[in-house]
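Here are the chains, one letter per residue:
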Amino acid sequence: MAAPGKGLEGVVAAETAISDIDGKEGVLSYVGYDIHDLAPNATFEETCYLLHNLELPTEQQLDEIKEQLGREREPNDFVMDLMPQLAQNTAPMSMLRTACSASSANDPDGWDTSEEANYRKAMRLIAVFPTLVAYYDRLRNDQPLVRPDSGLSLAANFLYMLKGDKADDAEARIFDICLTLHADHTMNASTFAARVCAATLSDIHSAVTAGIAALKGPLHGGANEQVMRMIKEIRNLGGAGKARDYTIDKLRNKVKVMGFGHRVYKTEDPRATHLRRMAKELAEKSGDGSNYEISQEIERAVMDEKGIYPNVDFYAASVYGYLRIPTDLFTPVFACSRVSGWTAHVREQYADNRLIRPDHAYVGPERRSWKALSQR
Ligand SMILES: CC(C)(COP(=O)(O)OP(=O)(O)OC[C@H]1O[C@@H](n2cnc3c(N)ncnc32)[C@H](O)[C@@H]1OP(=O)(O)O)[C@@H](O)C(=O)NCCC(=O)NCCS
């Protein structure tokens, strides 16, 4: 059992109008709209508009944001020069962290930190992230780049740039829903990191870079990738029939099962409900249900043994697997969605800023006197 307050549990770090969670009831809402309402209805572009403007867009506003997110998809020349080296020498999240930072070079708004400039910079970051991930994958595999198609939704265009073929409408829509589900989640570690950075009045690219750095860790965004590695391991052991023993063995050895547990939810993570359904749908469509069946067995075993629910990362792994997204791109794909939330939070922080500087509890030695080298 962690000490009270450890990990800032229960501490209110900021006021936000962007999203809210009721951990007991398992409710997530963006600007008052329940995620169960948004998932089947909203597009990711509408979600971006909502998070940034705190209202759903009218038809004209939606057209404008779609046009903006379609137009700004190409990385700038400075980033493009870096990409081949990044593709050869860095892991995907390290590439994204560096490319995000480098995207500040040649930004058309330069060092303008006005509200309007920050909104445009936010849209540019949301637009360019999927291209960075897709270009990275194609460069490392010596494949020709597939240029963005501004006529496609952000979700459909990502799948197109990654694979070179247009995804069918059903798959593009499933990926679009995934982006909406991952877009924001109150004061999660990466959003908090981004807000801490923004609160020093550092620039929006720096704040988003801090968010990427925090998302990279396996206790946060890195979990989805670890889930797929676990599913593959179980498949190699013989498949779904081996999942229960494998999982229980981990738990009894005090090893955490990735994709389970949450600081705030004490019941099912509402995002997992949609991801489970989509994983099932894709499993049936693909004719290969093994990832889904293994996931179900793991879920049952964790529930029986520890009473812990799956979080967003658990079934996201199967969904991305069925969409044939390479496993090491799962966390960057998470970032392609969460950048919408990070940038909204950063703008919210700038709008009513105070430096974030928590206190500490000192547990080191009492004050003491310097000892010369000969006396130590
Ligand atoms: C998300 C997470 C970091 C939340 O951490 P937290 O609020 O600090 O909770 P703790 O790590 O203190 O866990 C509380 C208890 O539940 C257990 N627990 C939590 N998540 C667990 C998991 N995934 N597998 C097994 N046990 C888990 C802990 O062992 C601990 O048990 P104890 O009190 O007997 O020691 C944690 O659940 C975790 O590490 N999950 C796996 C990584 C993951 O999926 N991250 C994505 C989050 S969206």
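Each chain has its residues counted from 1, following the order in which its sequence is written. Reporting in this predicted model follows two pLDDT cut-offs: at least 70 for local features of residues, and 80 or more for side-chain atom pairs to be given and counted; totals over whole chains, interfaces and linings ignore these cut-offs and use all residues.

Here the focus is the overall build of the protein. Strands are runs of DSSP state E lasting at least 2 residues, helices are runs of H or I lasting at least 4, and numbering of each runs from the N terminus. Helix and strand counts for the protein stand at 16 helices and three strands. In this treatment the radius of gyration is a C-alpha quantity, and the globule benchmark scales as 2.2 Å times the residue count to the 0.38 power. Compactness check: the protein gives a C-alpha radius of gyration of 21 Å against a globular reference of 21 Å for 376 residues, within 12% of the reference. In terms of principal-axis extent, the alpha carbons of the protein reach across some 70 × 55 × 45 Å. The buried share of the protein, reckoned over its 376 residues, is 47%. For every residue pair, C-beta atoms are placed from the backbone, and the pair is scored as a contact if these atoms sit within 7 Å. Long-range contacts, defined here as pairs at least 24 residues apart, represent 75% of the contacts in the protein between residues at least 6 apart. Residues are called buried when their C-beta atom has 20 or more other C-beta atoms within 10 Å, exposed when it has 12 or fewer, and partly exposed otherwise; all C-beta atoms are positioned from the backbone.

Examined against the element boundaries, leucine 86 turns out to sit in helix α4 (residues 77-89). Accessibility expressed as a C-beta count within 10 Å gives 23 for leucine 86, which makes it buried. Put simply, leucine 86 and tyrosine 136 are 50 residues apart on the chain and 7.5 Å apart in space, counted from C-alpha to C-alpha. Leucine 86 has contacts with Met95, Thr98, Ala99 and Tyr136, leaving out every residue within four places of it along the chain.

Where a strand is regular, its side chains alternate between the two sheet faces. Across the two faces of strand β2 (residues 27-30) the burial differs, with Leu28 and Tyr30 buried and Val27 and Ser29 not buried at all. Each pair of strands is called paired provided DSSP finds at least two bridges between the two strands. Sheet topology note: the strand β1 (residues 19-22)/β2 ladder contains four bridges and is antiparallel. From the neighbouring strand, isoleucine 21 faces β2, where its bridge partner is leucine 28. Counting the residues in the hairpin turn of β1 and β2 gives four residues, including glycine 26, whose phi is positive at 70°. As paired strands, β2 and strand β3 (residues 33-34) are joined by two bridges and run antiparallel to one another. Residue pairing across strands places serine 29 opposite aspartate 34, the latter belonging to β3.

So, on to the domain arrangement of the protein. Taken domain by domain, the protein holds domain 1 (19-217 + 332-351) and domain 2 (223-322). Taken over C-alpha atoms, the centre of domain 1 sits 26 Å from the centre of domain 2. If you list the elements that add at least two residues to the side of domain 1 that touches domain 2, you get β2, α1 (35-41), α8 (169-182) and α16 (330-351). With five residues, α8 is the largest single contributor of residues to the side of domain 1 that touches domain 2. Under the grouping applied here, Gly and all other residues not named as nonpolar or charged are polar, the nonpolar ones being Ala, Val, Leu, Ile, Met, Phe, Trp, Tyr, Cys and Pro and the charged ones Asp, Glu, Lys and Arg. In the side of domain 1 that touches domain 2, the residues fall into 11 nonpolar, four polar and one charged. Where a domain begins and ends is set by an automatic assignment or by a domain database.

What follows covers the sheet that holds β1. A sheet is described by the order of its strands in space; here three strands give the open sequence β1-β2-β3, paired in antiparallel fashion. Only two strands of the sheet have a single partner each, and these edge strands are β1 and β3.

Attention now moves to the site of the ligand. In this entry, near means the residue's backbone-placed C-beta atom lies within 6 Å of the molecule or strand. Among the 20 residues in the neighbourhood of the ligand, the closest are listed as Ala223, Lys256, Phe260, Gly261 and Arg263. Tallied by class, the residues present in the shell around the ligand amount to 10 nonpolar, six polar and four charged.

It is worth spelling out unusual backbone geometry at this point. A positive phi angle, near 45°, is found at valine 31, a position not held by glycine. Tracing the backbone through its elements, the reader meets valine 31 in the loop between β2 and β3. Even without a glycine there, the phi angle at leucine 201 is positive, about 70°. Among the secondary structure elements, leucine 201 is positioned in the loop between α9 (189-198) and α10 (204-215). Residue leucine 201 is classed as exposed on the basis of its C-beta count, with 12 C-beta atoms lying within 10 Å.

Time to look at the packing of helix α6 (residues 115-140) against α16. Where α6 contacts α16, the axes come no closer than 9 Å and their chain directions differ by 170°. The orientation of α6 relative to α16 falls into the category roughly antiparallel. On the side of α6, the interface is formed by Asn118, Tyr119, Ala122, Leu125, Ile126, Phe129, Pro130 and Val133, while α16 contributes Pro332, Val333, Ala335, Cys336, Val339, Ser340, Thr343, Arg347 and Tyr350. When grouped by side-chain class, the residues that make up the contact of α6 with α16 number 13 nonpolar, three polar and one charged. Simply put, an axis is a line fit to the C-alpha atoms, just over the touching stretch for a helix, and the angle between two N-to-C directions goes from 0 to 180 degrees. Orientation is classified from the angle alone, with under 35 degrees giving roughly parallel, over 145 giving roughly antiparallel, 65 to 115 giving roughly perpendicular, and any other angle giving oblique.

Time to look at the packing of helix α5 (residues 92-102) against α16. Between two packed helices, what matters for the description is the angle formed by their axes and the separation of those axes. α16 packs onto α5 with a crossing angle of 35° between their chain directions and a minimal axis gap of 8 Å. Relative to α16, α5 is oriented so that their crossing is right-handed. Taking contact as the criterion, the partners of Pro92, Met93 and Leu96 in α5 are, on α16, Thr331, Pro332 and Ala335. When grouped by side-chain class, the residues that make up the contact of α5 with α16 number five nonpolar, one polar and no charged. Note on convention: the crossing is left-handed when the near helix lies turned anticlockwise from the far helix by less than a right angle, right-handed when the turn is clockwise.

This part takes up the environment of proline 218. The residue proline 218 is located in the loop between α10 and α11 (223-237) in this model. Proline 218 gets classed as partly exposed once you count the C-beta atoms within 10 Å, which come to 14. Expressed as a C-alpha distance, the spacing of proline 218 and glutamate 299, which sit 81 residues apart in the sequence, is 19 Å. Excluding anything up to four places from it in sequence, proline 218 contacts Ala223, Gln226 and Met258.

The next point concerns the nonpolar core. Membership of the largest hydrophobic core comes to 106 residues, with the highest contact counts inside it found for Leu159 and Val319. Among the elements that make up this core, the one with the highest residue count is α6 (12 residues). Lining this core are residues from two domains, each supplying at least three of them: domain 1 (19-217 + 332-351) and domain 2 (223-322). For valine 319, the contacting residues outside a window of four places in its chain are Ile174, Cys178, Leu275, Met278, Ala279 and Leu282. Linking buried Ala, Val, Leu, Ile, Met, Phe, Trp, Tyr and Cys residues through C-beta atoms within 7 Å yields a set, and such a set is a nonpolar core.

One turn of the α-helix equals 3.6 residues, which is why residues spaced by three or four share an orientation. Most of helix α15 (residues 312-322) is tucked away: 11 of the 11 residues are buried. If you check which residues of α15 are buried, you get Val312, Asp313, Phe314, Tyr315, Ala316, Ala317, Ser318, Val319, Tyr320, Gly321 and Tyr322. Among the structural elements, α8, α11, α13 (270-286), α14 (290-306) and α16 are those in contact with the buried residues of α15.

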